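Chains, contacts and geometry: an overview
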Amino acid sequence: MPTLIVLRHAKAEAGFGKPDIDRVLTDRGRRDAAATGDWLRAGGLVPDRVLCSPAARTRETLARLALDAEAGFEPGIYDNEPEGLLALIREVPDETDRLLLVGHNPSVHQLVHDLTGEAPDAFPTCALAVIGLPPGEWTDVRPGLGALRTVHTPKD
């Protein structure tokens, strides 16, 4: 069964005086991202492939996860539209068993809800959702098709 892991970037600095795309992680964000990488490895959830926003905070989150996976940086993730995220997911090669998408709220939270019909009330920084998908091709992924297996936050 294909697995989609949707991750919101870790805690970033305030954007005062800096373009939004250039915001980097805080100390807490760096710690949370590293701990999330440990959690993924411990749970056997290391992805085969990663789709990541090109923003500094998402790239740094991905680096701190310290996962050995092929990564692509997609400007469409930074656009923060759930429909755009779904379109990118549908382009993933079928040999990918486990995909990690690293993005931004509100689109990642909405994507989890759209794919599974459920989602936590809040999706804080460095929260992730593990979504099981039925056997098939990534091009077949559509709203309501997934099952929410678990949600993990840095406070879990």
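To start, this report covers the structure provided alongside it.

What counts and how
- Residues numbered from 1 in each chain as written.
- Predicted model: local features only at pLDDT ≥ 70, side-chain atom pairs only at ≥ 80, totals over all residues.
- Heavy atoms only, no water.
- Core = buried A, V, L, I, M, F, W, Y, C linked by side-chain atoms within 4.5 Å.
- Buried < 20%, exposed > 50% of the residue type's maximum accessible area, 1.4 Å probe, protein only.
- Helix = DSSP H or I, 4+ residues; strand = E, 2+ residues; numbered from the N terminus.
- Contact = heavy atoms within 4.5 Å.
- Polar contact = N/O pair within 3.5 Å; in protein donor to acceptor, adjacent residues only side chain to side chain.
- Phe/Tyr/Trp six-rings, centres within 6.5 Å; stacked < 30°, edge-to-face > 60°.
- Lys NZ or Arg CZ within 6 Å of the ring centre and 35° of its normal.
- Patch = residues over 30% accessible without salt bridge, like charges linked within 9 Å, V, L, I, M, F, W, Y side chains within 5 Å.
- Areas by Shrake-Rupley, 256 points an atom, 1.4 Å probe, with all protein chains shown as cover.
- Salt bridge = Lys/Arg side-chain N within 4 Å of Asp/Glu carboxyl O.
- Lys, Arg positive; Asp, Glu negative; His and termini not counted.
- Charge placed at Lys NZ, Arg CZ, Asp CG, Glu CD.
- Axes fitted to C-alpha atoms, helices over the stretch in contact; angles between N-to-C directions.
- Parallel < 35°, antiparallel > 145°, perpendicular 65-115°, else oblique.
- Left-handed = near helix turned anticlockwise from the far one by under 90°.
- Pairing = 2+ DSSP bridges.

1. Brief notes about the nonpolar core
In terms of nonpolar packing, the biggest core is built from 22 residues, with L4, I89 and W138 touching the most fellow members. At the level of elements, β1 (3–8), α4 (82–89), β4 (98–103), α5 (107–116) and β5 (128–132) are the ones that each hand at least two residues to this core. With residues near it in sequence (within four places) discarded, W138 still touches P2, T3, L4, I89, R90, V92, P93, D94, T96, D97, L99 and L133. Membership of the second largest hydrophobic core comes to 17 residues, among which are I5, A33, L128 and V130.

2. Some words on the environment of T58
One can find T58 in helix α2 (residues 56–65). By relative accessible area, T58 is classed as buried at 0%. When the C-alpha positions of T58 and T125 are compared, they lie 11 Å apart, and in sequence the two are 67 residues distant. With sequence-adjacent residues up to four places away left out, T58 is seen in contact with H9, C52, S53, V102, G103 and H104. Among the polar contacts made by the side chain of T58, one reaches the main-chain carbonyl oxygen of A55 at a distance of 2.8 Å.

3. A word on the packing of aromatic side chains
Evaluated as defined, the whole model comprises 0 aromatic pairs. The ring of F73 is capped by R59, whose NZ or CZ atom sits 3.9 Å from the centre of that ring.

4. Remarks on a negative patch on the surface
Taken together, the side chains of D94, E95, E137 and D140 present a region of like negative charge at the surface. Take E137: it is sitting in the loop between β5 and β6 (147–152).

5. Some thoughts on the packing of helix α1 (residues 27–42) against α2
With their axes 7 Å apart at the nearest point, α1 and α2 run at an angle of 50 degrees to one another. Our classification of the angle between α1 and α2 gives oblique. The element α1 and its partner α2 pack so that their crossing is right-handed. Taken together, the residues of α2 that come into contact with α1 (itself represented by R30, A33, A34, T36, G37 and R41) are E60, T61, R64 and L65.

6. As for the sheet that holds β5
The strand order across the open sheet built from 6 strands is β3-β2-β4-β1-β5-β6, with neighbouring strands paired in mixed fashion. This sheet does not close on itself; its edge strands, each paired only once, are β3 (70–73) and β6. Geometrically, the sheet is characterised by an average inter-axis angle of 20 degrees between neighbouring strands, direction not taken into account. Relative to β4, β1 runs parallel, the two being bridged by 6 bridges.

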